[in-house]
Amino acid sequence: MDRFRLRALRGFKPVGRFLPMLFVLLVPVFAATGVQGAETIGQSVPRVETAQGSLEGVWVDASKVYRGIPYAKPPVEDLRWQPPQPVDGWSGVRPAKTFGPACPQPARFRYMIPSDQPPSEDCLTINVSAPAGAEDQPVWVMIHGGGFASGSGEYLLALGPLLNAEGIVFVSFNYRLSTLGFFAHPKLAGEQGVNYGLMDMWAALEWVRENIAAFGGDPERVTISGISAGGMAVDMLMVTPESANLINGGISQSGYGTWFRQPRTGKVTPLDGAPSAEAMALELAGEVTGKPPEEVTLGDLYAVPAERWAESVRGFHVPIVDGLSLPEESAILFARGKQHPVPFMSGGTSFDGSVLGISGVDAETLVEITNGQEDRLKALWAEDFAVSEDQGFSRFFGDARYLYAALNLTQAMQTVKRPGYLYFFDYVLPEKRGQVPGAEHGSAGEIMWTQMDLPIAQAMRGYWIDFVKTGNPNGGGRVFWPPAAGSDEPQWIVFGEQVDQRGGLMAEKMEFVDGLWQKRTESLRSPSNKP
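Described in the following lines is the structure provided in the data block. In this convention, every chain numbers its residues from 1, walking through the sequence in written order. Local features in this predicted model are restricted to residues of pLDDT 70 or higher, and side-chain atom pairs are both shown and tallied only at a pLDDT of 80 or more, whereas totals for entire chains, interfaces and linings draw on every residue. With hydrogens and water excluded, all non-hydrogen atoms of the structure serve as input to the side-chain values.

## Observations concerning the nonpolar core
So the rule is basically this: Here, nonpolar core means buried Ala, Val, Leu, Ile, Met, Phe, Trp, Tyr and Cys residues that are tied together by side-chain atoms lying within 4.5 Å of each other. Note on classification: 1.4 Å probe, protein chains only; a residue is buried when its accessible area is under 20% of the maximum for its type, exposed when over 50%, partly exposed between these limits. The helix and strand labels rest on DSSP assignments: H or I over at least four residues marks a helix, E over at least two residues marks a strand, and numbering proceeds from the N terminus. Every residue pair with non-hydrogen atoms within 4.5 Å of one another is taken to be in contact.
Among the nonpolar cores identified, the biggest contains 116 residues, and Tyr71 and Phe215 are the most heavily contacted of them. No other element matches the eleven residues that helix α15 (residues 389–412) contributes to this core. Setting aside chain neighbours within four positions, we find Tyr71 in contact with Val87, Leu124, Thr125, Ile126, Phe173, Asn174, Tyr175, Asp200, Ala203, Ala204 and Trp207. Counting residues in hydrophobic clusters, the runner-up holds 42 residues, among them Val428, Trp449, Ile456 and Val468.

Spelled out as structure tokens, the structure:
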């Protein structure tokens, strides 16, 4: 078994009380705070004409809401592990009042699916919430998180009416997950790549490009955003050629486009420490089918039920550098100036590593990342290691995987002469202080969208909304947010008790991680490796 895969299967000792609400906005929180809204009775049913046919939605407050719209054919039977295919049109009026099922995912994460319907491979649907009378309004496409193993676009649509009131058309969607979405088994053709979930994202954005004007949105002003896996999706969509004309801005919250252990296929240049995507797939296929890995056939792969594939992944799943659907790691392409020249925002939380215990990454892997510099690691993060090994490695994991990625990518936007806005979230709700050593993974999104009267949350919503509308987060009398690059030291906006603008935050720690990344990727960042 690939040694990195073996460690992922073993997992890491949970951080216990520091585990967060699983790196995505919680559905029950939305409901409790009234963000969800309720369907309005008594108004005429909203209808819209799309390129595929007519849709009939529902009113939610003052918003026209359309749910469960197919944007690609169901990826079932022979279409499993294939690029998404164009959906067939329909005659008459198609109801768009209920959500489509979530894509297959582990049963332990089902609480992330608000509706009672079970997941299904027939899951490629998109949802739209638009203000009444909207015309040429900016569009916000939010990509759900869940470690590329769980989640759905359903719970995100609760934000629709709130953002519609700000003059924004809101979109969410489902994409294939786990080994059904990202899988490099040698028996599969993979002629267009092995990141089928990423291909689904292209198809959803193509649907937006083709249809959003009918809902009152401007297809030339589409901003994508996401948290955790959703943030990583943004990092990837910023560099894939297929998304070049589909997005006009990106917001990556706790994305990880610099991660040291992203799997790679044999079709791309080897990179130190990167697991073999084919070896991981072979081992998983052997476990799922109960056969020796080398004896698993293509028919065996298709014979396994989707639910079994969904359960096969422990920890987080990670998209694959295959040279086709994902040409190279996002940060390497940013460094080459291959990212799309659109405004970009990224950041993370002060204790993003709260998810280490469920990530599938262990302490041994984190030490290996340092290339023999464990003493230096423990010296720089000494305050956390003084509390416990768990807290020390968790903090390092969060800083190295999420915060460093944000720093790297936002600074690299200068290579295409576009702004990159960098933030650090360090606010902990009063009732949790003393229980957690910092702002947990995903908490920036939770607080921003549920603490409606909290000044720091109001400021964040203002920055994000203005970024979606104009490509610049500044305005409304808020603290000025400069681009990360362009000064002697990186410029951060810090969200703590107040909004503060600082330079060189965590400089020594970030320089340490940057040195590791620079050394690992040196050969692939050189001009001779540019495509």
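## A short note on the packing of helix α16 (residues 443–450) against helix α17 (residues 455–470)
Definition in use: For helices, the axis comes from a line fit to the C-alpha atoms of the stretch in contact; other axes are also lines fit to C-alpha atoms, and the angle between any two N-to-C directions lies between 0 and 180 degrees. In this scheme, roughly parallel covers angles under 35 degrees and roughly antiparallel covers those over 145, while 65 to 115 is roughly perpendicular and the rest are oblique. Residue polarity is assigned by list, with Asp, Glu, Lys and Arg as charged and Ala, Val, Leu, Ile, Met, Phe, Trp, Tyr, Cys and Pro as nonpolar; anything else, Gly included, falls into the polar class.
Running from N to C, α16 and α17 cross one another at 100°; their axes reach a closest spacing of 8 Å. The orientation of α16 relative to α17 falls into the category roughly perpendicular. Listed contacts from α17 to Ala444, Ile447, Met448 and Trp449 of α16 are Ala457, Met460, Arg461 and Trp464. Residues belonging to the contact of α16 with α17 are distributed by class as follows: seven nonpolar, no polar and one charged.

## Focus on the environment of Asn371
Tracing the backbone through its elements, the reader meets Asn371 in the loop between α12 (363–369) and α13 (374–380). C-alpha separation for the pair Asn371 and Leu162, spaced 209 residues apart in sequence, amounts to 47 Å. In contact with Asn371, other than residues within four places in its own chain, are Asp272, Leu516 and Lys519.

## Observations regarding unusual backbone geometry
What is expected of a backbone is that most residues other than glycine have negative phi and most peptide bonds are trans. In this structure, Ser178 takes a positive phi of about 55° despite not being glycine. Despite not being glycine, Asn371 has its phi angle at roughly 55°, a positive value.

## Notes on the packing of aromatic side chains
The test is simple: Pairing of aromatic rings covers Phe, Tyr and Trp, the last through its six-membered ring, and needs centres within 6.5 Å; plane angles under 30 degrees mean stacked, over 60 mean edge-to-face, and all others mean tilted.
Counting across every chain of the model gives 29 aromatic pairs. When the ring of Tyr423 is compared with that of Trp464, the centres are 5.3 Å apart and the planes differ by 65°; the resulting orientation is edge-to-face. Of this pair, Tyr423 sits in strand β12 (residues 420–425) while Trp464 sits in helix α17, placing them 41 residues apart in sequence. For Tyr423, a relative accessible area of 1% translates into the label buried.

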